[in-house]
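As a plain string of letters, each chain reads:
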Amino acid sequence: MTQAYFVTGTDTEIGKTTIAAGLLHAARLQGLSTAAAKPVASGCMRTADGLRNDDALALLAQCSLPLRYEEVNPLAFEPAIAPHLAAREVGIKLDVASLLPPVQAILAKGADFSLVEGAGGWRVPLAGEENLSDLALALGIPVILVVGVRLGCINHAQLSAEAIERDGLRLAGWVANIVEPKTSRLEDNLATLGERLPAPCLGRVPHLGKATAAAVAEHLNLELLADW
């Protein structure tokens, strides 16, 4: 049975891609085929092959299916700014209609375990009144929430979980990524998150000196996914 999830975060710069790559690596360790999509990415670098995004490259490296970069990241923008602003600057309408087909094409490849990674948090704007959350809704797949553990994360996590469920999608699991190891009352905060989020915690990832996909995977348990 194939599994596909939309990965979002409680904020930007909280290690969403690091966790997504770890999840893919964990799946590969179980002998599962993997695929991923990063439908839109800003903050890309110019290369001889075109614009490339570090996050998309990290996901591609954990895909066991033979995917091209453009399949994983169909829309890449150079400025490290909000995607809808970067798209507007180059005259591209960033909407669900343009993002949905390439993501569906990735999912249609039938990998055992597929991830679609958003950008930033749940309510990232697209064109008009659309948000990136509308893409997740159009895909109709469950969500994995990456919680950047630091001061204020409980509020951000609860609001994100509430928005996901209000939009009609199911939170299949969440990951505690400890981005600030000196967070006051760390264990108490983690316990509160466990009590308040309506999904299993797939793992607590400590602040790693070198957060490779393999190192992150050691702290994750895919068997805890709500529909695994």
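Conventions we followed
- Residues numbered from 1 in each chain as written.
- Predicted model: local features only at pLDDT ≥ 70, side-chain atom pairs only at ≥ 80, totals over all residues.
- Heavy atoms only, no water.
- UniProt positions renumbered as here; feature names shortened; annotations may be inferred.
- Axes fitted to C-alpha atoms, helices over the stretch in contact; angles between N-to-C directions.
- Helix = DSSP H or I, 4+ residues; strand = E, 2+ residues; numbered from the N terminus.
- Parallel < 35°, antiparallel > 145°, perpendicular 65-115°, else oblique.
- Left-handed = near helix turned anticlockwise from the far one by under 90°.
- Contact = heavy atoms within 4.5 Å.
- Nonpolar A, V, L, I, M, F, W, Y, C, P; charged D, E, K, R; others polar.
- Salt bridge = Lys/Arg side-chain N within 4 Å of Asp/Glu carboxyl O.
- Buried < 20%, exposed > 50% of the residue type's maximum accessible area, 1.4 Å probe, protein only.
- Phe/Tyr/Trp six-rings, centres within 6.5 Å; stacked < 30°, edge-to-face > 60°.

If you check an unreviewed UniProt entry, the protein chain appears there as ATP-dependent dethiobiotin synthetase BioD from Ectopseudomonas alcaliphila. You can read under Function (unreviewed entry) in the UniProt record for the protein chain the words "Catalyzes a mechanistically unusual reaction, the ATP-dependent insertion of CO2 between the N7 and N8 nitrogen atoms of 7,8-diaminopelargonic acid (DAPA, also called 7,8-diammoniononanoate) to form a ureido ring."

### A word on the packing of helix H7 (residues 153-166) against helix H8 (residues 186-196)
Here H7 crosses H8 at 15°, and the two axes come no closer than 10 Å. By the angle between their axes, H7 is roughly parallel relative to H8. The handedness of the crossing between H7 and H8 is right-handed. Only Asn 189, Thr 192, Leu 193 and Arg 196 of H8 make contact with H7, whose side of the interface consists of Cys 153, Ile 154, Ala 157 and Gln 158. A per-class count over the contact of H7 with H8 returns 4 nonpolar, 3 polar and 1 charged.

### Some details on the pattern of salt bridges
In this structure the tally under the stated criterion is 11 salt bridges. Several salt bridges converge on common partners, so that one network encompasses Arg 52, Arg 68, Glu 70, Glu 71 and Lys 109.

### Considerations on the UniProt feature "active site" (unreviewed entry) in the protein chain
What UniProt calls "active site" (unreviewed entry) maps, in this numbering, to Lys 38. Of note, Lys 38 is situated in the loop between strand S2 (34-37) and strand S3 (40-41). For Lys 38, a relative accessible area of 4% translates into the label buried. Those residues in contact with Lys 38 that lie beyond four places of it in its chain are Thr 17, Asp 55, Ala 56, Leu 59, Val 72, Asn 73, Pro 74, Glu 117, Gly 118 and Ala 119.

### A word on the packing of aromatic side chains
Taken as a whole, this structure holds 2 aromatic pairs when the rule is applied. With a centroid separation of 5.9 Å and an interplanar angle of 45°, the aromatic rings of Tyr 5 and Phe 113 are classed as tilted. In this pair, Tyr 5 is assigned in strand S1 (residues 3-9) and Phe 113 in strand S7 (residues 113-117), connecting sequence segments 108 residues apart. Judged by relative accessible area, Tyr 5 falls into the buried class, the value being 0%.

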